[in-house]
Amino acid sequence: MARYVAGRLAALVPVVLVVGVTVFLLIHLIPGDPAQVILGPDASAAQVAQLRHALGLDRPIYVQLVLWFERVLRGDLGNSIFLRRPVAQAIGEHLGPTAGLTALAEALALAVAIPSGVLAAWKQHSRFDQAFMLFVLLGVSIPSFWTGLNLIAAFAVSIRLFPVAGYVSPARGIGPWLGSLALPAVALAFTQAGLIARMARDSTIDVLAEDYVRTARSKGLDEAAVLARHAVRNALIPTLTVVGTSLANLLSGAVVVETVFVLPGIGNLVVQSISRRDYPVIEGVVLFVALVYVVLNLLVDLLYAALDPRIQYG
Amino acid sequence: MVEALLRLLVRRRPLAAASLGVLVVIALSALLAPWLPLPAPDRIDMASRLAPPSAAHPFGTDNFGRDILSRVVASGRVSLAIGLAVMALSTLAGAAAGLIAGYYRRADAVLMRVLDGLMAFPAILLAIALVAALGASARNEIVAIALVFFPRTARIVRASTLQLKERAFVEAAVALGGWDGRILGRHILLNALPPLIVQSTFVFAEAILADAALSFLGLGVRPPTPTWGNMLDDAHIYVATAPWFVVFPGIAIVVTVLCLNLLGDAVRDLADPHAAAGRRARARRPAAAPAGVQGVPGAAPE
């Protein structure tokens, strides 16, 4: 197991390098002089030169790259030009709503997806299964921000059940906090529930064809016990792999959904930073989310190996 | 050939066949938009702004009194064109990268690490950051979305290439002294086409969703040119007063993307009978080949 962990960690190095170089290059994709673009046409030559120096853009690009990695490895994501504080601090301030939203959406998605996926597999080719597959496709075909807009129209405007927009901190009560996140979480969960449910269905179908399930049935175990004790537990292991991916998708989808619901999360931070041309913040958030994704996938892989003893630690 | 495929689709996957029909209607209406008997999409009529659906305006009117049906159809031109362009670009880049990585061992290690790195970014977020840097325009948006989606296509083509290059007909072509370009193009790419076509359908669908999200955030094609995404951006503040303004552009996105996904699923299952026969078969045969390459109609090996 230790060798497996070491191997997985070593495999991460090139991925993290590519992620880093890509994010580093973002600011260099800006057409023209990034410092001039950030400050706008009214800035004086001295101001532009000062910002260029502050961003390190006046050095050779390979020196910039090395210094950039050195800085990031220390946990320093640079400074926001508009907010006048470290990017890491800005991300920290905006992380709460996004983390709450993502966690709630993931919980909702799992709660719906796993039972329905298992049921669809058990009743494979039935009407339920067909309707289920259509719902799964519908889930991945609907833009979550549009679902969000419809939810607002239905449950915040027509029936005044939830607030139209805005965020309530959990410090002001769990109920209002959940209320402020309910609609965006449902909007986000719909897509993810589809992906997870399909995985749950497919892996349950695989497991139901296994010899040990046939043995369990032929020794007279009732279906509920076969499903609960033999099928679902084994089918959940492959399903776990999509949870890591789906969390990352949720973080990314949150960018757009937060805009619809005016939640002050990191998605909102990115969108505002785009109009402020605050590139260090954009870079910082993209890097942060990509690294969260890499770490989540690593954790899922390790958990997968720990849960399924058949996996070779090669 | 095409007729036989269509008949197979109608018989075995009626829902997918219907999706194809809907897609043809959507594509034709987008293509023929200027000649359809609809009001001009940019005709402003402030007297009837935010009017609910009626005989004159089946989808209602927007905040400038413009006909929403006309605008949804006109948007289709832009949104579908962007989706097609992304599909073409990411399929070309993905096929090239996949063939090279699958065929040349040395290139494989480097290329796949780069692609793995790119895939570590959540798709929409990277596209947003790229457009934010490059500037909002149709061209930049297409490049950004294609860059985000091509690594997945490359992985699929690479997997096919790795399998195909071990097959006897490819080895025979190599032994006969065929040059690499011919082997890759004629023997490998042609046989790797079915999974590539299926993947392209999904990329098309995802590109339309990505375009909608970017346009909604003001990072796609800018008004006055309408797209489904920027219509929703205009519409979202009227969600309480004029829900039809929000509903119809969204339905256009959902119907298009859903039909593409249904079609892609059906073609995948038809092209790979193992997957269609249920995953049971795979569970019983642990050594079975992964989905997509064998038993594929067309492109018979020499």
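Basis of the calculations
Residues numbered from 1 in each chain as written. Chains lettered and ligands numbered in written order. Predicted model: local features only at pLDDT ≥ 70, side-chain atom pairs only at ≥ 80, totals over all residues. Helix = DSSP H or I, 4+ residues; strand = E, 2+ residues; numbered from the N terminus. Buried ≥ 20, exposed ≤ 12 C-beta atoms within 10 Å, placed from the backbone. Axes fitted to C-alpha atoms, helices over the stretch in contact; angles between N-to-C directions. Parallel < 35°, antiparallel > 145°, perpendicular 65-115°, else oblique. Left-handed = near helix turned anticlockwise from the far one by under 90°. Contact = placed C-beta atoms within 7 Å. Nonpolar A, V, L, I, M, F, W, Y, C, P; charged D, E, K, R; others polar. Core = buried A, V, L, I, M, F, W, Y, C linked by C-beta atoms within 7 Å. pLDDT = per-residue confidence, 0-100.

1. Topic: the overall build of chain B
Here is step 1: Each helix and strand counted, chain B has 12 helices and 0 strands in total.
Here is step 2: Across chain B, helices and strands are ordered from the amino to the carboxyl terminus as α-α-α-α-α-α-α-α-α-α-α-α.
Here is step 3: Buried residues in chain B amount to 50% of all 302 residues.

2. Considering the packing of helix α3 (residues 68-103) of chain B against helix α4 (residues 105-119) of chain B
All names here are of chain B.
Here is step 1: As a packed pair, α3 and α4 sit with axes 7 Å apart at the nearest point and diverge in direction by 140 degrees. Classified by the interaxial angle, the pair formed by α3 and α4 is oblique. Handedness of the α3/α4 crossing: left-handed. Contacts from Ala97, Ile100 and Ala101 of α3 reach α4 at Ala107, Asp108, Leu111, Met112 and Leu115.

3. Quick notes on the interface of chain B and chain A
Here is step 1: Taken together, the 42 residues of chain B in the interface contact 45 residues of chain A.
Here is step 2: For the side of chain B that touches chain A, the elements supplying multiple residues, two or more each, are α4, α5 (123-134), α8 (180-216), α10 (243-271) and α12 (280-284) of chain B.
Here is step 3: The leading source of residues in the side of chain B that touches chain A is α5(B), at 10 residues.
Here is step 4: Along the lines of polarity and charge, the residues of the side of chain B that touches chain A split into 31 nonpolar, 6 polar and 5 charged.

4. Side note on the nonpolar core
Here is step 1: Counting 173 residues, the largest nonpolar core has Val286(A), Ala127(B), Ile128(B), Ala129(B), Ile145(B), Ala207(B) and Ala213(B) as its most contacted members.
Here is step 2: Looking at this core, the element that brings in the most residues is α8(B), giving 18 residues.
Here is step 3: Those residues in contact with Ile128(B), other than ones at most four positions away along the chain, are Val255(A), Val270(A), Leu214(B), Leu217(B) and Leu219(B).

5. Examining the packing of helix α12 (residues 279-307) of chain A against α5(B)
Here is step 1: At a minimum axis distance of 10 Å, the contact between α12(A) and α5(B) shows a crossing angle of 160 degrees. Judged on the interaxial angle alone, α5(B) and α12(A) are roughly antiparallel. Considering only the axes of α12(A) and α5(B), their crossing is left-handed. Taking contact as the criterion, the partners of Ile282(A), Val286(A) and Val289(A) in α12(A) are, on α5(B), Leu125(B), Leu126(B), Ala129(B) and Ala132(B).

6. Description of the confidence of the model for chain B
Residues and elements named next belong to chain B.
Here is step 1: In the predicted model, chain B carries a mean pLDDT of 83, and the fraction of residues at 70 or more is 89%.
Here is step 2: Averaged pLDDT values over the elements of chain B bottom out at 40 in α12 and peak at 93 in α3.
Here is step 3: The low-confidence segment residues 276-302, where pLDDT is below 50, has 43 contacts with residues more than four positions distant or belonging to other chains.
Here is step 4: The ipTM assigned to the predicted complex is 0.88, against a pTM of 0.88.

7. Things to note about helix α11 (residues 266-275) of chain A
Here is step 1: The buried fraction of α11(A) amounts to 8 of the 10 residues, a majority that puts the element mostly inside the structure.
Here is step 2: Here the buried face of α11(A) lies against α5 (87-122), α10 (223-261) and α12 of chain A together with α5 of chain B.

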